[in-house]
4 protein chains.
Amino acid sequence: MRCSVTRVPMASPSDVKTLRTYVDQAAIHPDEVIAVLGKTEGNGCVNDYTRGYAVRSVQDFFAGYIGEKARQISYVMSGGTEGILSPHLTVVSRNPGGDEARKYDRKSLAIGVAKTPEFLPEEIGRLNQVEQVAAAVNRAIHEAGITDHADVHFVQVKCPLLTTEQLQDASSRAVTVVTEDTYKSMGYSRGASALGVAIALEEIEAAGLEEKDICQDWEQYSSVASTSAGSELNYCEVIVFGNSYSSEGPFYIDHDVMKDSIDADALRKLIAKHEQDELVQVLAKAEADPTGYVRSRRHTMLNDSDINHTRHARAVVGGVLASVCGDPMIYVSGGAEHQGPAGGGPVAVIFKRGMK
Amino acid sequence: MRCSVTRVPMASPSDVKTLRTYVDQAAIHPDEVIAVLGKTEGNGCVNDYTRGYAVRSVQDFFAGYIGEKARQISYVMSGGTEGILSPHLTVVSRNPGGDEARKYDRKSLAIGVAKTPEFLPEEIGRLNQVEQVAAAVNRAIHEAGITDHADVHFVQVKCPLLTTEQLQDASSRAVTVVTEDTYKSMGYSRGASALGVAIALEEIEAAGLEEKDICQDWEQYSSVASTSAGSELNYCEVIVFGNSYSSEGPFYIDHDVMKDSIDADALRKLIAKHEQDELVQVLAKAEADPTGYVRSRRHTMLNDSDINHTRHARAVVGGVLASVCGDPMIYVSGGAEHQGPAGGGPVAVIFKRGMK
Amino acid sequence: MRCSVTRVPMASPSDVKTLRTYVDQAAIHPDEVIAVLGKTEGNGCVNDYTRGYAVRSVQDFFAGYIGEKARQISYVMSGGTEGILSPHLTVVSRNPGGDEARKYDRKSLAIGVAKTPEFLPEEIGRLNQVEQVAAAVNRAIHEAGITDHADVHFVQVKCPLLTTEQLQDASSRAVTVVTEDTYKSMGYSRGASALGVAIALEEIEAAGLEEKDICQDWEQYSSVASTSAGSELNYCEVIVFGNSYSSEGPFYIDHDVMKDSIDADALRKLIAKHEQDELVQVLAKAEADPTGYVRSRRHTMLNDSDINHTRHARAVVGGVLASVCGDPMIYVSGGAEHQGPAGGGPVAVIFKRGMK
Amino acid sequence: MRCSVTRVPMASPSDVKTLRTYVDQAAIHPDEVIAVLGKTEGNGCVNDYTRGYAVRSVQDFFAGYIGEKARQISYVMSGGTEGILSPHLTVVSRNPGGDEARKYDRKSLAIGVAKTPEFLPEEIGRLNQVEQVAAAVNRAIHEAGITDHADVHFVQVKCPLLTTEQLQDASSRAVTVVTEDTYKSMGYSRGASALGVAIALEEIEAAGLEEKDICQDWEQYSSVASTSAGSELNYCEVIVFGNSYSSEGPFYIDHDVMKDSIDADALRKLIAKHEQDELVQVLAKAEADPTGYVRSRRHTMLNDSDINHTRHARAVVGGVLASVCGDPMIYVSGGAEHQGPAGGGPVAVIFKRGMK
């Protein structure tokens, strides 16, 4: 197996011009693409249709090459390019190679994908979602040929949210949902997904988790989960990024944890640790510290009724990480419930060996 | 002369509780206060009333100690604490000392203040404003006892904007204004003020400046100007920060220029250069790069009709600088027209000798 | 007793110029003022400081005439002048007259005010708040000399919300609050206050109300409650407007209920019913229909992450009512939880006899 | 010729479920569709991608029936469903019939469409755009078989705006554009388009119009123009709605002019005038009064830096018109520069004879 990632700038949510150039130049092979992570320029909240628009544009593009198989690609669009963040795609490819059982003498980037079943509105943000995500993560780890949890460095989950229509549906069936607030449902769905990752990776114990802990007990978290909610799906997409002896090629991944939103050292240390290699992409999560303070100073993100706090947080973390790596075209997604410590979040880097 | 600055956290635009504590503890002497710079938690744009509310609260507070003299203090409130920025006051004090003519053996922080006359709506954002600001800067430099332009490291100007009421007034007198757009008028007023600073400091030539260059020719700029527009005044307040042999005490100031909004090195170098001294306050300007690109990557700040670009820019620069100095309670003001190079801006640091 | 209301336009949250003119002209007597209702131009949500700024400005103004007694006036500022709504004050005055026991031959405008004790964060949005408001409403009704609940036509309550600081306080004392979401706490506080009015007026039965009904069971509501949340107080202010034989003078009040946000007929009928009299002020509540539909058509207010739904709702109801009465300077407040039927709300009109 | 319009609710910008039902039920014949007007749920400003997403979704839908001919349909999506406005499509169909020269004994709805050539950035908002739109309107009138300008009741123009990319292009070619502000360019483009309509219909004289009058001299306007700017095209689409003896069928159109945004009487009179007929669709324009006042009361729309004034204005006019016709699924588009008098705008109604 041979995995790679390629970043592709977008001029708008429907722009595939550079993507086409890359395919024409054989930098991307449509039949090898297994996932596409995107940063799109909407508000990243409930009514962000740039995510669905980008999925449609990119899927239609690949359908021109591989037909119906374009539907099997995992599309994970994260809305919100506040501040200097630059809209783009991260195209993830996997060439299965000839001999699946073959082991190489060093670990390289290995990627697996999986989906959960569809959720009913009343299941979103609850233990059922946690469990289904945990199961999907395990399937994706297996598919990636990863045998040690320590080799998993980033798990991206795209999860659903509750729209007004779904709230109506639940209400008509007299079932209760985790929240009646559409924006807030994004947090519960992200939180439940992240806890699913933590359970699959044995970062926390399934037995110790209660439903009321979701979005409440911030001590329970995953250091590698990155979850993103959107209205364009009603199941979860899971993409596991790790290193494996079953994979070859120049790419590999490593991660660290930002302890708060201005913790530039997390990324600086990762880059220093692999200074001989080229940084290919940064993947990180951002959130407003739920205490209302960063380094003992009051912040105003949680009380701001004009700009949602996830938007503030992406602007900050995007700026901080770009100031370290020198590139604003990175993947920073908002809402880090149970993803890293409260107020902080995971940061992963994909490197290419000996390219610098 | 002996100048000092003290940072005071605010819990809201009307909060003076910590300020009172500091005065009670004699950390601040009301009769020595000459200026108050504040970061308040409004939108930093046209309808940001947190600036006026904070001015009123702080002025009323000082009036309780020094009566009518509280009106002579320069109040410069900059709205917008996006991201991790923390609302606070920077209280600037000056003790004239006994002998005005005395020279010390090293330069210390020296501060001067001045005001322009009031402006008519049609003068805002035009050459008249440029000239009046230049004259006021010269008066403030003189007052500060600074004799060399190279010793001026930060010039804060609070300037007016055009409100709908003023546009009506201009229209009723059949005079034209620089723009009919209230938000846009903030940029013109900031730009004209910055060019006034540049002329006073001979960074550019008065003779070479035409009215049409304002907010157009970004090659003409000041490396130490920081200008901020608000609807709570219709003249300009100028505060000059520099170093002078006429001043004594532990404080001094230095500056550098951020070449773009993620240029963390500018502040890192300043801190390294003065590593033995304590960082007391960071003063910086932020703006969305007018080219639409940062480090060759497209940003979306200028096309965002939900969040004004000055808000995005403050979130980014605030995060980047706080990640370097470790403190979110810093002064980052938005809209850097003619303040540093396009997309970048000045950053100044006030240090206290031998305190670290 | 003789009660009157006077509308005063404001040019900004701190503007008292017209108010001063009215006092100078003896149209308003500061020593008779018992309440001031204001519409201020903030976002009407959590971080709207225009409310506190206006309270301070108006209170300081009256203090210039009546000193400490200015603190006893009830100030109820409602933020949000979306669309055509025009910032203004409604100054409510009461002259006690000579003989309190005297009865007139017709009912006239009678106004009573009362306050609840201060609330702890954990009491907000819960039964305790309901009960305290009910008790305060009864006190205010008594003070107004109103003997029949049918004579109560509008009950304005200003209530607190949960800020991040209060959430911290509750958390530090290990008590749970009704919601961790500051914006959402406004709804709970408004809802509990409105149910308190409904209980006081026997529109619903106290015995039948459970804590979980608050912001859940929309069948329980008051037809005359108008409640408004703000961060500038931590108790509730109650102002009862009704008609009483104990009052004299040309003013009286009547009300109807808007069944949804475009129900222009409610106001049209009120005006027609009293066509010989002058309309002095309209007082109404606005909310986004919680079903997500208005007249069977989907609306997008509840899914909008850029503009809070209370802001949309005020713009609509303000426009609809102004199109009927021809005047945009009316009091329309957002968030009508348990105030009129779901999606609708009360509308009251103060008239002046024979002035048209 | 036989023209008809059908309204189709949308559950999201990509929803074509109801559209499919209508086509399945033969209520809409894809090969007869000549134009689709939509209200989509974005911000209606620069970065509103719901317009392009809806165009793509609807065009792809029709392509499934009529292939490449789906591209010839005029798609005019207007963003912004503030307040109670409900997202939907207005599908406009035309059956050419057998004998083009045939005249009927009464006038019926007649629709014509036309496009301008593509514009360079420097042509947008200038006289060139005015002239090209005027020429296109004349072609569309001719196509509709309308012989008298008084029979034209609504002219919808979809026009381009200046994006950051286009500003870059202009800058790189050293040409100046009408404004460097992307949001503001929408107003210039709408204004120039409306003046093009006014010239074609001889409401104003081409000879009397100077470039500086665009978005300046509000006395020059069209009473039937409705123009809408978006980033998804760089030419203008024109759709003329009128009545003609060359058309048959039950539909016809009439119009009036709202003198300000709360002028409910304009629509009330139209409905009363045709009370025996069914109201099929309302088409109207909304804008914030540029004087800053509505009925002598100050409004705050133009000074609001959180919500663009076009959004406020749509919420108001949508609410006012829906309160008259009882239906929130109407077409209200924002930004009425040179479309009706300043602060007001045209309102047209399509009726169906004898259906009520």
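Residues numbered from 1 in each chain as written. Chains lettered and ligands numbered in written order. Predicted model: local features only at pLDDT ≥ 70, side-chain atom pairs only at ≥ 80, totals over all residues. Heavy atoms only, no water.

- Going by what an unreviewed UniProt entry lists, chain A is known as Cyanuric acid amidohydrolase and is assigned to Paenibacillus donghaensis.
- A UniProt comment under Pathway (unreviewed entry) is attached to chain A, and it reads "Xenobiotic degradation; atrazine degradation; biuret from cyanurate: step 1/1."
- The UniProt entry for chain A carries the following comment under Subunit (unreviewed entry): "Homotetramer." (UniProt positions renumbered as here; feature names shortened; annotations may be inferred.)

## Section: the side chain of D:T182
And step 1. Position of D:T182 relative to the elements: it lies in helix α5 (residues 182-200).
And step 2. Sequence-distant contacts of D:T182, that is, excluding residues within four places in its chain, are made with B:L302, B:N303, D:V46, D:L162, D:T163, D:T164 and D:L167. (Helix = DSSP H or I, 4+ residues; strand = E, 2+ residues; numbered from the N terminus. Contact = heavy atoms within 4.5 Å.)

## Some points on helix α2 (residues 50-66) of chain C
Residue and element names in this part refer to chain C.
And step 1. The end-to-end C-alpha distance of α2, which contains 17 residues, comes to 24 Å, matching closely the 24 Å that a straight helix rising 1.5 Å per residue would cover.
And step 2. Burial within α2 is extensive, with twelve of its 17 residues counted as buried.
And step 3. The set of residues buried in α2 consists of T50, R51, G52, Y53, A54, V55, S57, V58, Q59, F61, F62 and I66.
And step 4. G67, located one to two residues past α2, shows a positive phi value of around 60°. (Expected span 1.5 Å × (residues − 1). Buried < 20%, exposed > 50% of the residue type's maximum accessible area, 1.4 Å probe, protein only.)

## Considerations on the UniProt feature "active site" (unreviewed entry) in chain A
Residue and element names in this part refer to chain A.
And step 1. In the numbering adopted here, UniProt assigns the feature "active site" (unreviewed entry) to K158 and S228. Their sequence span is 71 residues, while the largest C-alpha to C-alpha distance among them is just 4.9 Å; these annotated residues converge on one region.
And step 2. Secondary-structure assignment places K158 in strand β6 (residues 152-159).
And step 3. Once residues within four sequence positions are removed from consideration, K158 is found in contact with R51, V76, M77, S78, S228, A229, G230, E232, L233, Y235, C236 and E237.
And step 4. Within the secondary structure, S228 is located in strand β7 (residues 225-229).
And step 5. On the accessibility criterion, S228 (5% relative accessible area) is buried.
And step 6. Filtering out sequence-adjacent residues up to four positions away, S228 remains in contact with M77, S78, Q156, V157, K158, C159, R190, K285 and S333.

## Side note on the interface of chain A and chain B
And step 1. Of the residues lining the interface, 38 residues belong to chain A; the matching set on chain B comes to 38 residues.
And step 2. A buried area of about 2,800 Å², summed over both sides, lies between chain A and chain B, and 55% of it is on carbon and sulfur atoms.
And step 3. Remark: the boundary between chain A and chain B carries six salt bridges.
And step 4. Taking the shortest distance from any N to any O, the salt bridge between B:R297 and A:D327 comes out at 2.9 Å.
And step 5. When contributions to the side of chain A that touches chain B are tallied by element, the ones reaching two or more residues are β12 (297-298) and α7 (309-325) of chain A.
And step 6. Classifying every residue of the side of chain A that touches chain B gives 16 nonpolar, eleven polar and eleven charged. (Buried area = accessible area lost by both parts, 1.4 Å probe. Salt bridge = Lys/Arg side-chain N within 4 Å of Asp/Glu carboxyl O. Nonpolar A, V, L, I, M, F, W, Y, C, P; charged D, E, K, R; others polar.)

## A word on the relation of the copies chain A and chain B
And step 1. Expressed as a screw transformation, the operator carrying chain A onto chain B has a rotation angle of 180° and an axial translation of 0.0 Å, and the superposed copies differ by an RMSD of 0.0 Å. Taken together, the turn and the small shift mark the pair as related by a two-fold rotation axis.
And step 2. Interface overlap between copies is the fraction of interface residues in one copy that are interface residues in the other; for chain A against chain B it reaches 100%, indicating a shared surface. (Least-squares fit on C-alpha atoms with pLDDT ≥ 70 in both.)

## Focus on the interface of chain D and chain B
And step 1. Each partner contributes residues to the interface: chain D has 27 residues there, and chain B has 27 residues.
And step 2. Buried surface at the junction of chain D and chain B, summed over both partners, amounts to about 2,000 Å²; 31% is from carbon and sulfur atoms.
And step 3. Of all residues in chain D, D:N303, D:S305 and D:D306 bury the most surface against chain B, accounting for 29% of the area lost on that side.
And step 4. Our count for the contact surface shared by chain D and chain B stands at two salt bridges.
And step 5. Two residues, D:D306 and B:R311, come together in a salt bridge whose shortest N-O distance is 3.7 Å.
And step 6. The interface formed by chain D and chain B includes 16 residue pairs in polar contact (both at pLDDT 80 or more).
And step 7. Among the secondary structure elements, those contributing two or more residues to the side of chain D that touches chain B are α4 (164-172) and α5 of chain D. (Polar contact = N/O pair within 3.5 Å; in protein donor to acceptor, adjacent residues only side chain to side chain.)

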